[in-house]
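For reference, the chains in residue letters:
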Amino acid sequence: MSRTDERYNVRETEAKWQAIWDERQSFRAREDDPRPKYYVLEMFPYPSGRIHMGHVRNYTLGDVVARYKRACGHAVLHPMGWDAFGLPAENAAIQNGVHPAKWTRENIAAMRTQLKSMGLSYDWSRELATCEPEYYRHEQKMFLDFLAAGLVYRKESWVNWDPVEHTVLANEQVIDGRGWRSGALVEKRLLSQWFLKITAFAEDLLAGLEGLSRWPERVRLMQENWIGRSEGLRLFFDLDGREDRLEVYTTRPDTLFGASFCAVAANHPLAEQLARTDPGLASFVAECNRLGTSEAALETAEKKGYATGLHALNPLAAGQRLPVYVANFVLMDYGTGAIFGCPAHDQRDLDFARKYGLPVTPVVAPKEVDPATLTIGDEAFTEDGVLINSGPLNGLAVAEAKARVIDMMEAKGVGQRAVNYRLRDWGVSRQRYWGCPIPIVHCAACGVVPVPESELPVTLPEDVSFDKPGNPLDHHPSWKHVACPRCGSPARRETDTFDTFFESSWYFARFCSPGETSRGFTRAAADHWLPVDQYIGGIEHAVLHLLYSRVFTRALKACGYLGVAEPFAGLLTQGMICHETYKDAEGRWLFPDQVERRSDGSLVELGSERPVLLGRSEKMSKSKKNVVDPARIIDTYGADTARLFMLSDSPPERDLDWTEAGIDGAFRYVNRLWRMVEAARDALPAPQDPAPASFGPAAVKVRGVTHRTIALVGEDLERFHFNKAVARIRELTNSLADLPPDEAGAPWVLREGLETVVRLIGPMLPHLGEELWSLLGHSQLLIDTPWPAADPALLVEDSVTVAVQVNGKLRGTVDLPKDAPTAVAEAAALAVPAVAALLAGKPPRKVIVVPNRIVNVVV
RNA sequence: GCCCGCUUGAUGGAAUGGUAGACAUAACGGACUUAAAAUCCGUGCGCUUCGGCGGUGCCGGUUCGAGUCCGGCAGCGGGCACCA
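Note that the structure is a prediction, hence the values are computed from the model and not measured.

Parameters and conventions
- Residues numbered from 1 in each chain as written.
- Chains lettered and ligands numbered in written order.
- Predicted model: local features only at pLDDT ≥ 70, side-chain atom pairs only at ≥ 80, totals over all residues.
- Heavy atoms only, no water.
- Axes fitted to C-alpha atoms, helices over the stretch in contact; angles between N-to-C directions.
- Helix = DSSP H or I, 4+ residues; strand = E, 2+ residues; numbered from the N terminus.
- Parallel < 35°, antiparallel > 145°, perpendicular 65-115°, else oblique.
- Left-handed = near helix turned anticlockwise from the far one by under 90°.
- Contact = heavy atoms within 4.5 Å.
- Nonpolar A, V, L, I, M, F, W, Y, C, P; charged D, E, K, R; others polar.
- Salt bridge = Lys/Arg side-chain N within 4 Å of Asp/Glu carboxyl O.
- Buried < 20%, exposed > 50% of the residue type's maximum accessible area, 1.4 Å probe, protein only.
- Near = heavy atom within 4 Å.
- Polar contact = N/O pair within 3.5 Å; in protein donor to acceptor, adjacent residues only side chain to side chain.
- Arc of directions from axis to C-beta.
- Domains from an automatic or database assignment.
- Pairing = 2+ DSSP bridges.
- Patch = residues over 30% accessible without salt bridge, like charges linked within 9 Å, V, L, I, M, F, W, Y side chains within 5 Å.
- Areas by Shrake-Rupley, 256 points an atom, 1.4 Å probe, with all protein chains shown as cover.
- Lys, Arg positive; Asp, Glu negative; His and termini not counted.
- Charge placed at Lys NZ, Arg CZ, Asp CG, Glu CD.
- 1 Å grid on protein atoms, 1.4 Å probe; cavity = no way out; pocket = protein on both sides within 12 Å on 5 of 7 lines; lining within 4 Å.
- Points joined across faces, edges and corners; volume = space filled by probe spheres on them.
- Phe/Tyr/Trp six-rings, centres within 6.5 Å; stacked < 30°, edge-to-face > 60°.

## Description of the packing of helix α6 (residues 202-211) against helix α7 (residues 217-227)
Logical step 1: Between α6 and α7, whose axes approach to 10 Å, the crossing angle comes to 160°. Comparing the axis directions of α6 and α7 gives the class roughly antiparallel. Note that α6 runs across α7; the crossing there is left-handed. Along the contact surface, α6 presents A202, L205, L206, L209 and E210, while α7 presents R220, Q223, E224 and I227.
Logical step 2: Looking at the contact of α6 with α7, its residues break down into five nonpolar, one polar and three charged.

Right under this line is the structure:
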């Protein structure tokens, strides 16, 4: 076999370099490293058992950043761990009888092996799993510190209750109002639960967003909307014939004269009180409760109300009596759980008023419209305008009217100016086994007693059974029975565990000192590494995980754990991986491996040859079977090829379409590069050889391309434009392939070019990079080789092609010296035949010259 | 329902308000080969009377000039507090 027929041995080569990096502990991060620190973190995975393409993309992106920053001279911290508590482990226990701990640990082992095959530059010595007591014990301590700091409290809150399984259901487990496993109608139940007082940070969370300049604008917007700060009025309505009053929050106090009803939530104390004596109302409340707890379910349900028969008295318009309804669209968690409705100026109120025949009185008119002719049809008027039909407010603008009404209500003592947030406190209790136990004891005499620090961790018992419905911790024979830490009398452990967002809210800090036993992390390590310089993960975490982490960091700061308020200085949110979907004639989903593409383009089922229906590309999901197993891809093509495909076709924040053709293309490039180096290396000068005295014109051109590519790829990587970086490196590769070998200086330029390609591609194709770097005669590892520097003298081109337009339409181009004077450019443009023809001898009206880019002649 | 995005050739995408389609993928043509694979080279938005004309989801606006900015609409997707 001749040498050029040899193939790049992907498997051996990738394993070889992984072993070398491992042996040398190349990716260990040290705090005493004098270089500037850089902390790159990818969202850690839930250990479901196998990595999926989303992981491959996420971790490839992070690895490129980590390796690039390392080459640029940073001391990089790049850790990985496991978000190991969660529902799937319990579901597996119920379905397959495997213990969640065993299931989770086996999954972690399998996924670790898979991740290692990707050649990621992790400091594996910092690996953590949140389900281990060494991790969660510190979280229990944090909770107790938060409790002592007044950031934690207990209150009743609603959950989805499955009456058959005797469990609380997650929103995703409620399908059409029924439990996903039992099929039983879900009930809402009140449970006493622990809450983190995150609303205390609302203002600070909002203010902090402005400083997060390296976060995507849309994520900041989503968080801002989630926090949902509004300014308005809390006011009391007297209830006709009753002693008590109804407290209402409104952001539209200006529309009070146009009020035509009041409505309270189904869980409002008033509704519950009335329901006791009104069977009709009781059944309406029960119906509302069946809607579940998710906001989407409540908002999309048909808007319904139940007239209580009570009337509220408008504090502004004397004598106006407003019927009081219980309505399914009023949320107990927002404001006071009660509203007044002004149908003319709120669409939902208008729909409600039309449905129940309530009056619609406009009180705000558009500026240019005669109030007398103003009528409200099917659309509420929600814009700014002038007050009408509102006694003393008439003629005022909306903003003025708001202020006036607030002042009037405050003067009367029936209301006050209020800031309200949509953000609610974080309920952290879960009635589940596979989570971190909440370190609390309930004592008949002492009440709620924190577990003393000396008794931490409260570990999960492993001898549990999932045979009985309900929380295994609750019916464990002995675990929950303890002596009260305060008085010693028999007491009961809290059997709830933490929301798994608890673990993921501080793991980035734990990575700073993973071996620390006295506390979650040392202040010194946190001060050194935090904040995370670049965090990378899915857009689906834009609100909850990221917000909780910001909250937790603030709470930890308040308790002296660390000094920063913001955990993530930079954020990159990646898009999803999509794939075509396939169905057989019966409409059953098929895996891509079951489908064969015939040469005529038609699709058939492998084996049976039956026709296959092609569906559009959708997010890869098990339910639609449009998944491709990364393990198979890495096995067949190698990690570098999988990584290259992840980077090359789409910008990271967009969705990526997985195609077999795309992976083939990436594989071809990997092999092409290898062949180029392999074929050229004998003819190249030695690595240290000085540059020859002169270069032929083609060689000069290629050197220019080489150095411009260095500069541009650097910029691309800084901005995470990985697809553009790949495109430019391919362009450089094409230029090198076209370099005439007999040109003066060609071998030297070819070496310079190939070395540049290898160094630039290194963070993306780390195994191939090392292999080629060593083939090119270097003994130092590529990962220890600094990022190349572009020679500024070679970046400038001496002539540029300038576009010539007439009235904005392209009519030709002219080649001009770089930075040619405006007059020269103008003259050259006017000399273009097509331009001269259009001018027909007349002088141009105007000529716009953008140096080195364009000349636009206006006629 | 509310909030947030996205939409450019057959496909993924590129384009500080300045030559739309870089770089790839698929396809087609050619070279090499007994043949195939691999590889290499080439073509590649549509229409055209070969002068040009039209074209970045749709409608309108700003501008010397709009894929890019503004207003409206449509389609698709993400999040909505117990999936992670």
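## Some words on the pattern of salt bridges
Logical step 1: The tally for this structure, following the rule as stated, stands at 50 salt bridges.
Logical step 2: When the shortest N-O distance is used, the salt bridge between E295 and R422 registers 3.2 Å. With E295 in helix α10 (residues 295-300) and R422 in the loop between β16 (415-421) and β17 (426-427), this residue pair connects regions lying 127 residues apart in the sequence.
Logical step 3: E295 gets classed as partly exposed once you look at its relative accessible area, which sits at 35%.
Logical step 4: The partner of D527 in a salt bridge is R523, and the shortest N-O contact between them spans 3.1 Å. One end of the pair, D527, and the other, R523, are both in helix α14 (residues 523-529), four residues apart, so they sit about a helical turn from each other.
Logical step 5: Sharing partners across several salt bridges, the network here consists of D584, E586, R588, E605 and R610.

## Points about the protein's contact with RNA strand B
Logical step 1: The full set close to RNA strand B counts 65 residues, and D83, R432, R616, K724 and N856 are the nearest of them.
Logical step 2: Here the atoms of RNA strand B within 4 Å of the protein split so that 65% fall in sugar or phosphate, with bases taking the remainder.
Logical step 3: Here E172 contributes a side-chain N or O atom positioned 2.9 Å from a sugar or linking oxygen of RNA strand B.
Logical step 4: Within the side chain of N225, a nitrogen or oxygen atom sits 2.6 Å from a sugar or linking oxygen of RNA strand B.
Logical step 5: Top contributing element to the surface near RNA strand B by residue count: helix α20 (residues 722-738), with six residues.
Logical step 6: Residues of the surface near RNA strand B, tallied by class, amount to 23 nonpolar, 19 polar and 23 charged.

## Re helix α16 (residues 630-637)
Logical step 1: Taken as a whole, α16 has its buried residues at P630, I633, I634 and Y637. The buried residues of α16 occupy one face: seen down the axis, they fall within an arc of 95°.
Logical step 2: Considering only its buried residues, α16 is in contact with α1 (10-24), α2 (53-71), α17 (639-648) and α18 (660-680).
Logical step 3: The residue sitting at the N-terminus of α16 and contributing the capping side-chain oxygen is D629; that oxygen lies 3.0 Å from the backbone nitrogen of A631.
Logical step 4: Phi turns positive one or two residues past the end of α16, at G638, with a value near 95°.

## Things to note about the domain arrangement of chain A
Logical step 1: Annotation of chain A at the domain level lists domain 1 (1-30 + 684-796), domain 2 (32-151 + 201-224 + 496-576), domain 3 (229-421), domain 4 (439-449 + 462-492) and domain 5 (799-858).
Logical step 2: Averaged C-alpha coordinates put domain 2 and domain 5 at centres separated by 56 Å.

## Things to note about the pairing of strand β11 (residues 305-313)
Logical step 1: Note that strand β8 (residues 229-239) and β11 share two bridges and pair antiparallel. Opposite L239, over in β11, you have A312 as the bridge partner.
Logical step 2: Inspection of the sheet shows β11 paired to strand β12 (residues 321-327) by six bridges, in the antiparallel sense. Following the sheet pairing, G305 is matched in β12 by A327.

## Things to note about a negative patch on the surface
Logical step 1: Judged by side-chain charge, D346, D351, D378 and E379 come together as a negatively charged surface patch.
Logical step 2: One can find D346 in the loop between β13 (338-341) and α11 (347-356).

## Looking at empty space enclosed by the protein
One water molecule sets the probe size; rolling that probe over the atoms shows where empty space is left.
Logical step 1: Applying the stated rule across the entire model yields one cavity of 30 Å³ or more.
Logical step 2: Roughly 140 Å³ of volume is contained in the largest cavity.
Logical step 3: Around the largest cavity sit 14 residues that line it, and A71, G762, P763, L782 and I783 are the ones nearest its centre.
Logical step 4: Elements with a contribution of two residues or more to the lining of the largest cavity: α2 and α22 (766-775).
Logical step 5: Counting residues per element, the lining of the largest cavity draws most heavily on α2, at three residues.
Logical step 6: Two domains each donate at least three residues to the lining of the largest cavity, and these are domain 1 (1-30 + 684-796) and domain 2 (32-151 + 201-224 + 496-576).

## Side note on the environment of T785
Logical step 1: Within the secondary structure, T785 is located in the loop between α22 and β32 (799-806).
Logical step 2: For T785, a relative accessible area of 8% translates into the label buried.
Logical step 3: Once the C-alpha coordinates of T785 and C72 are considered, the two residues, 713 residues apart in sequence, prove to be 9.2 Å apart.
Logical step 4: Beyond its immediate sequence surroundings of up to four residues, T785 is in contact with A71, R759, W773 and Q780.
Logical step 5: Of note is the side chain of T785, whose polar atom sits 3.4 Å from the side chain of W773.

## Structural notes on the packing of aromatic side chains
Logical step 1: All told, the structure shown has 38 aromatic pairs when counted by the stated rule.
Logical step 2: On the basis of an interplanar angle of 35° and a centroid distance of 4.8 Å, the ring pair of F261 and F352 is categorised as tilted. Taken together, the residues F261 in strand β10 (residues 261-264) and F352 in helix α11 connect sequence positions 91 residues apart. Comparing F261 with F352 shows no difference in burial state: the two are buried.

## Things to note about the sheet that holds strand β3 (residues 152-162)
Logical step 1: Pairing is antiparallel across the open sheet formed by four strands, whose spatial order is β4-β3-β7-β17. Every interior strand has two partners, whereas the edge strands, β4 (167-169) and β17, have only one.
Logical step 2: Here two bridges tie strand β7 (residues 187-196) to β17, and the two strands are oriented antiparallel to one another. Note that in β17 the partner of L196 across the bridge is W426.

## Some words on the packing of α6 against helix α15 (residues 544-558)
Logical step 1: Packing of α6 against α15 leaves a shortest axis separation of 11 Å and a crossing angle of 110°. Considered as vectors, α6 and α15 are oriented roughly perpendicular to each other. Seen from α6, the contacting residues are D204, L205, G208 and L209; seen from α15, they are L547, R550, V551 and R554.

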